[in-house]
There are 2 protein chains.
Amino acid sequence: MTTSKVQIIEKIFNANDQLAANNRQLLDDKKIFAINMMASPGAGKTSLILKTIQLLAPRVRIGVIEGDTAPVTIDADKVIAAGMPAVQINTGGDCHLDAAMMRDGIAQLPLDDIDLLIVENVGNLICPAGFNLGTHSNVVIASVPEGDDKPYKYPNIYRGIDVLILNKMDLIPYIDFRQDYFSQGIRIQNPKAEIIQVSCRTGEGVQSWCDWLSAKVNQVKG
Amino acid sequence: MTTSKVQIIEKIFNANDQLAANNRQLLDDKKIFAINMMASPGAGKTSLILKTIQLLAPRVRIGVIEGDTAPVTIDADKVIAAGMPAVQINTGGDCHLDAAMMRDGIAQLPLDDIDLLIVENVGNLICPAGFNLGTHSNVVIASVPEGDDKPYKYPNIYRGIDVLILNKMDLIPYIDFRQDYFSQGIRIQNPKAEIIQVSCRTGEGVQSWCDWLSAKVNQVKG
């Protein structure tokens, strides 16, 4: 029984990784830099995407895939209102995006007119970590009110990321949040991840994040 | 293929429900009122448990099961420091508790000395909704900084709950949070759930929550 179960899981992961490799190839062919943005519900994924559009568009042409568990288009509507192409993927209750959903999302976007693809994963600090989408970088958004102990309690999500955004820095005066303890928790899981402190409300730090993104987009454009 | 997959899932759910029924029977035999507390990471589950202990113990004898994805005992340690029996369940990376984990947790608690069992589920607004533990009530903690659109985007978790706690009310002055829009979203999913506004930081509203709990505990004691 146990052996059989392991084999099945292995098969699913291999299929996902195969589709992820196809996605990556297509993105590379189109010279698009793509990120998989993961976070708890309400950490500020959509807010950061909107701020990023404000700072980078139209110099950088941005496309967005919005993952949601329910058939509501709240986030995708905001991106489209900001003038960018967006596709909503309804997971039908599932707790993460996978490479097949990503493939279907990419197919609906005008790839020749996109330099940067931002994939907003389902709000979840656990499950999305297990599914490669074919993006070039993983990014996690943490937020001050979530508390400084999250890297210790949800370690897997931080392991494969290039950037950790710490959002809602404007709330620091009202919340007991030990920045050293938090950063140390990230470093234990991932010594190399860049930590960028931002406030989507005030705009603080968003330029640093956009500088990181711009450099990556330029690298891919060559 | 599809039919086979559905059958397997059905089998797992039936096994979980069977174990949940056993858990419920044991709790009823011991006259223990039990709640399944669910929330996003960092919404304030552990903080509310600690405040509840402050207000209700030793009049109400409280036991706690802490669900965590990682083998860290941060939350369980806090409960034990508050003088209450606590068991930590490490899900080994899994995104929710199930009835088998709950059974193993109950087995380690001094059931004859407990009136109220609080099960702190893994921080996740999606997956825990699918797994009955055998508790008497489901409770979700939302928090102001998560945003007012969560009931629309993560609808399933609110459907089977008796109480919705809206925590971090002390942050209302610093955050754009439409209380009417939020409450309406809860009501669409669940017209009957009681909504209790609290701040674990200031203590506001925690007494109302404890009054609800006390009434339930007294009902079970008979």
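Look a little higher up for the structure.
Before going into details, it helps to say that this report is about the structure given with it.

The rules behind these values
- Residues numbered from 1 in each chain as written.
- Chains lettered and ligands numbered in written order.
- Predicted model: local features only at pLDDT ≥ 70, side-chain atom pairs only at ≥ 80, totals over all residues.
- Least-squares fit on C-alpha atoms with pLDDT ≥ 70 in both.
- Core = buried A, V, L, I, M, F, W, Y, C linked by C-beta atoms within 7 Å.
- Buried ≥ 20, exposed ≤ 12 C-beta atoms within 10 Å, placed from the backbone.
- Contact = placed C-beta atoms within 7 Å.
- Helix = DSSP H or I, 4+ residues; strand = E, 2+ residues; numbered from the N terminus.
- Arc of directions from axis to C-beta.
- Pairing = 2+ DSSP bridges.
- Axes fitted to C-alpha atoms, helices over the stretch in contact; angles between N-to-C directions.
- Nonpolar A, V, L, I, M, F, W, Y, C, P; charged D, E, K, R; others polar.
- Parallel < 35°, antiparallel > 145°, perpendicular 65-115°, else oblique.

### Points about the relation of the copies chain A and chain B
After a rotation of 180 degrees and a shift along the axis of 0.0 Å, chain A superposes on chain B with an RMSD of 0.0 Å. Interpreted geometrically, this transformation is the action of a two-fold axis.

### Some points on the nonpolar core
Counting 125 residues, the largest nonpolar core has V119, V140 and I165 of chain A together with V119, V140 and I165 of chain B as the members making the most contacts within it. Those residues in contact with V119 of chain A that lie beyond four places of it in its chain are A34, I35, N36, M37, I65, L97, M102, L133 and T135 of chain A.

### What to know about helix α4 (residues 99-106) of chain B
Within the sequence span of α4 of chain B, burial applies to A99, M101, M102, G105 and I106 of chain B. Seen from one end, α4 of chain B has its buried residues packed into an arc of 155 degrees, which puts them on one side.

### Observations concerning the sheet that holds strand β2 (residues 62-68) of chain B
All names here are of chain B. Strand order in the open sheet made by the seven strands is β3-β2-β4-β1-β5-β6-β7, with parallel pairing throughout. At either end of the open sheet lies a strand with only one pairing partner, and these are β3 (86-90) and β7 (194-197). Strand-to-strand twist of the sheet, defined as the mean angle between neighbouring strand axes without regard to direction, takes the value 20 degrees. Here β2 runs beside β3; their pairing, made up of five bridges, is parallel. From the neighbouring strand, G67 faces β3, where its bridge partner is I89.

### Details of the interface of chain A and chain B
Contact residues are listed per partner, giving 29 residues for chain A and 29 residues for chain B. Taken together, the residues that form the side of chain A that touches chain B break down as 14 nonpolar, nine polar and six charged.

### Topic: the packing of helix α2 (residues 45-56) of chain A against helix α8 (residues 206-221) of chain A
All names here are of chain A. Between α2 and α8, the shortest axis-to-axis distance is 10 Å and the interhelical angle comes to 70 degrees. Considering the angle they form, α2 stands roughly perpendicular to α8. Here K51, T52, L55 and L56 of α2 lie close against α8, whose contacting residues are V206, Q207, C210, L213 and S214. Grouping the constituent residues of the contact of α2 with α8 by class yields five nonpolar, three polar and one charged.

### Topic: the environment of D113 of chain B
Secondary-structure assignment places D113 of chain B in the loop between α4 and β4 (116-120). Between the C-alpha atoms of D113 of chain B and I62 of chain B, which are 51 residues apart in sequence, the distance is 8.4 Å.

### Regarding helix α3 (residues 74-81) of chain B
Residue and element names in this part refer to chain B. Of the residues making up α3, those classed as buried are D75, A76 and V79. Buried residues in α3, looked at end-on, bunch into an arc of 95 degrees, giving them a common side. Positive backbone phi, at 90 degrees, marks G83, one or two positions downstream of α3.

### Remarks on the environment of S137 of chain A
All names here are of chain A. By the element assignment, S137 lies in strand β5 (residues 137-143). In this structure the C-alpha to C-alpha distance between S137 and Q189, which are 52 residues apart in sequence, comes to 16 Å. In contact with S137, other than residues within four places in its own chain, are I35, D162 and K216.

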